[in-house]
Amino acid sequence: MSDAVKAATQSEGGSKVSAFIRREIGRVTALASLVVIFVFFTIMRPVFASWANVSGGILMSTTVIGLMAIGVTFVIITGGIDLSVGTALALVSVIVGKTVMAMHLNVWGGILVGLIVGTVLGSINGILITVLKLPPFIATLATMKAAQGLALITSDLKPVLFTGGVKGWDSIAQGRFIPNFPNGVLILAVAAVIASIILNKTVLGRYTFAIGSNAEATRLSGVKVNRWLIAVYALCGTFVGLAAVVMTSRLGSAQPDLGLGYELEAIAAVIIGGTSLLGGKGTISGTIIGALIMSVLINGLRILELQQEWQYVVVGAVILLAVYGDNVRRRRAGEV
Amino acid sequence: MKKGLLTVAAVAALALVAGTNTPVVAADKTLKIELISKGETHQFWQAVKLGAETQAKKMNATIHFQGPATETMIDKQMEMLDAAIALKPDAIGYAALGTTQSVSHLQAANKAGIPVYMFDTAASCPGGVPALGPKSDCALGVAYTDSTGAGQLAADKMAALIGNAGKVLMVGHSQTNQTGIDRANGFINRIKAKYPRIKVTAVYSEGGDALKAQDLVAAALVSTPDLRGVYGTNEGVAIGAGQAFKAAGIRNGKIKLIGFDSGQQQIANIKSGLQTGAITQSPMGIGAKTVEALVNYVRSGTVPKNLIDTGFYYYDKKNIANPEIAGNLYN
């Protein structure tokens, strides 16, 4: 949060509640929009709100993009961008599939491979950006293409099937540790809580905001900015790795040609959730709300059986509205 | 203008060649045929090769089958094509990677008196497919899968499975790629024309994205509780639909699912009963019909059709092991 907002709230001397609303206005608006959209679809077709649709349709379809978006939130708060998360998703899932099948790993081994490979891919981005001093857009555009190619090469252009050899791989996302609550959704929820703690309660989180607000000032105050940036991109990769594991569990296989374009959906979720592309500002809960808004829209429009082409238009309009709304708010707050 | 004159000259030259050198070769001579494919290692191309070899043996011919390692190596394929022409075989079969680049090479083959028939993918010959034939300076014709017909077969099978009535969902894999469009529209138009009691809804998972297909089908299962069948136009879509069925606990054919092509997961799903069946192209047929057209032309001057449909099959749990099906499936 910027000093300008603090000053504004303090000068008005408003109650704590109004200060809270002012501070959280981005997220509050996003949450309110989510509720309005949800209620709208429920009125149009009550079956939309059935638990079968909410858990199996909406929440499950949020898992993969949601996990990726959590990772991307950190990167965007530093003022950077990661375009490689979509194809990295494909590459990690193919590597996990090949490794698990070749080495007869169990579920936990497979998850670990996914997290490690994702983290390594993320740190490569971090190194390109800090050591080679490439702009994040260019560096991750390059790794995006490279990951796409490597996913196709590693898989020999064929999906990797998790056959009966991997007991319980389906259950990672589709099992029910809590009755009637798919594990994939549980993983997303737990990941969101952990990410929130990292962002708000740890040194890494503090520096994530600091770098995004003013990288130069952060450097001058003695922080090893490069090292922390690499850590941020690596962390983003970890969440992408987890997303890849959940995706292969949902599909029962790794699909090498899947994932291109997912990076834009993840970035859209982050932006709708009120995180600024300029850096220095953002929340995990906002990102989750953003991801939910998109999957509620897509699922709801399908349930209403609206012609699919219009779906894309509606989602585009929502992204525009969200960003425009954020701009207006910040101009009023004197941030821009 | 100059190009027009050249074409006229080329056609005239070709007519002259054809006139003086009627392509008739005695049956006891073993014909040599060079087949330049888009790939070699992929199971699809292995099946094309097998079909070509089997047909060649029947007709007293030998084939030499080769293709580049990946479908992006257009230059490599052009080299292979040039080398094949230099060998002066009795005929050449060609699957176009460089759809425009290859045209001049094919014209060179024709100038050298080597008949060419294309398979799987046509090069952009002057005048397109309708202009192909003995008078073309490019190729005699092309053999490939009639995707519209394949979509129609899926519609007939679906109709039979659900008793000609009810709601079905068509999940396409592309609204821009011609094969994708044909597989989808073949299905939709057949249902509309022939089965008035079936209501078909169309959605698309662009690029055959299995995950998006899963979400689409999951939503359809909620919005349409009386859904009777789902048709997916490629492997990815069929996988996604199968996974949506699995997650919703739809098993043993409660809702019918017809996919396209094969692959490990689809085959496993068909065997387990999660998926009802699928349409497969006939890569063996592509190889066989190409060789048949070339041998007949060289040996007896029989002019092949400029467009040969190489066929497609519906397969399910019952006939999946039949030789005519199994040879066309890949993991």
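Quick caveat, the model's predicted, so the values are computed rather than measured. (Residues numbered from 1 in each chain as written. Chains lettered and ligands numbered in written order. Predicted model: local features only at pLDDT ≥ 70, side-chain atom pairs only at ≥ 80, totals over all residues.)

Our next topic: the overall build of chain B. A count of helices and strands for chain B gives 11 helices and 12 strands. Relative to the globule expectation of 20 Å for 331 residues, the C-alpha radius of gyration of chain B, 22 Å, shows essentially globular dimensions. In terms of principal-axis extent, the alpha carbons of chain B reach across some 70 × 45 × 35 Å. Within chain B, contacts between residues at least 6 apart in sequence are counted, and of these 74% link residues at least 24 apart. (Helix = DSSP H or I, 4+ residues; strand = E, 2+ residues; numbered from the N terminus. Rg over C-alpha atoms; globule rule 2.2 N^0.38 Å. Contact = placed C-beta atoms within 7 Å.)

Turning to the nonpolar core, a few remarks are in order. One finds Met68, Leu89 and Ala243 of chain A together with Val217 of chain B to be the most contacted residues of the largest nonpolar core, which totals 142 residues. Every residue in contact with Met68 of chain A, bar those within four places of it in the chain, is listed here: Val85, Leu89, Phe239, Val240, Ala243, Tyr262 and Ala266 of chain A. Judged by nonpolar contacts, the second largest core, of 49 residues, contains Ile92, Tyr94, Ala143 and Ile286 of chain B. (Core = buried A, V, L, I, M, F, W, Y, C linked by C-beta atoms within 7 Å. Buried ≥ 20, exposed ≤ 12 C-beta atoms within 10 Å, placed from the backbone.)

With a phi close to 55°, Glu305 of chain A is a non-glycine residue in the positive phi region. Looking at the element boundaries, Glu305 of chain A is found in the loop between helix H12 (284-303) and helix H13 (308-332). A positive phi angle, close to 65°, is found at Asp120 of chain B, a residue other than glycine. Structurally, the position occupied by Asp120 of chain B is in the loop between strand S4 (116-119) and strand S5 (142-144).

The subject of this paragraph is the domain arrangement of chain B. Residues and elements named next belong to chain B. In terms of domain boundaries, chain B breaks down into domain 1 (29-145 + 283-312) and domain 2 (147-281). Computed from C-alpha coordinates alone, the two centres of domain 1 and domain 2 are separated by 33 Å. Facing the 4 residues of domain 1 at the interface are 7 residues of domain 2. Tallied by class, residues from the side of domain 1 that touches domain 2 come to 2 nonpolar, 1 polar and 1 charged. (Domains from an automatic or database assignment. Nonpolar A, V, L, I, M, F, W, Y, C, P; charged D, E, K, R; others polar.)

Here the focus is the interface of chain B and chain A. At the junction of the two partners, chain B supplies 22 residues and chain A supplies 23 residues. Of all elements in the fold, only strand S7 (198-204), helix H7 (210-223), helix H8 (235-247) and helix H9 (264-272) of chain B reach the threshold of two or more residues within the side of chain B that touches chain A. Across the side of chain B that touches chain A, the residue classes break down as 12 nonpolar, 8 polar and 2 charged.

A few words on the sheet that holds strand S11 (residues 307-309) of chain B. Residue and element names in this part refer to chain B. Spatially, S2-S1-S3-S4-S5-S11 is the arrangement adopted by the 6 strands of the open sheet, whose pairing is parallel. Two strands lie at the open edges of the sheet, namely strand S2 (61-66) and S11, each paired on one side alone. Ignoring which end each strand starts from, the neighbouring axes of this sheet average 20° apart. Where strand S1 (residues 31-36) meets S2, 6 bridges bridge the pair, whose relative direction is parallel. Counted as the bridge partner of Leu35 is Phe65 from S2. Strands in contact with helix H3 (residues 74-86) are S1, S2 and strand S3 (91-94); relative to S1, the strand with the most contacts, it is inclined by about 170°. (Pairing = 2+ DSSP bridges. Axes fitted to C-alpha atoms, helices over the stretch in contact; angles between N-to-C directions.)

Moving on: the sheet that holds strand S8 (residues 227-232) of chain B. Residues and elements named next belong to chain B. One open sheet holds the 6 strands; their spatial order is S7-S6-S8-S9-S10-S12, and the pairing between them is mixed. Here the strands that pair on one side only, and so sit at the sheet edges, are S7 and strand S12 (312-316). Sheet twist, expressed as the average angle between the axes of neighbouring strands with direction ignored, equals 20°. Along the sheet, H7 makes contact with strand S6 (166-172), S7 and S8, crossing S6 at roughly 165°.

Packed helices, taken two at a time, are described by the angle their axes make and the gap between the axes. All names here are of chain B. Where H7 contacts H8, the two axes come as close as 7 Å, and the packing angle between them is 45°. When the interaxial angle is binned, H7 and H8 end up oblique. The handedness of the crossing between H7 and H8 comes out as right-handed. Taken together, the residues of H8 that come into contact with H7 (itself represented by Ala210, Leu211, Ala213, Gln214, Val217, Ala218 and Leu221) are Gly236, Val237, Ile239, Gly240, Ala241, Gln243, Ala244 and Ala247. Here the residues of the contact of H7 with H8 are counted per class, giving 11 nonpolar, 4 polar and no charged. (Parallel < 35°, antiparallel > 145°, perpendicular 65-115°, else oblique. Left-handed = near helix turned anticlockwise from the far one by under 90°.)

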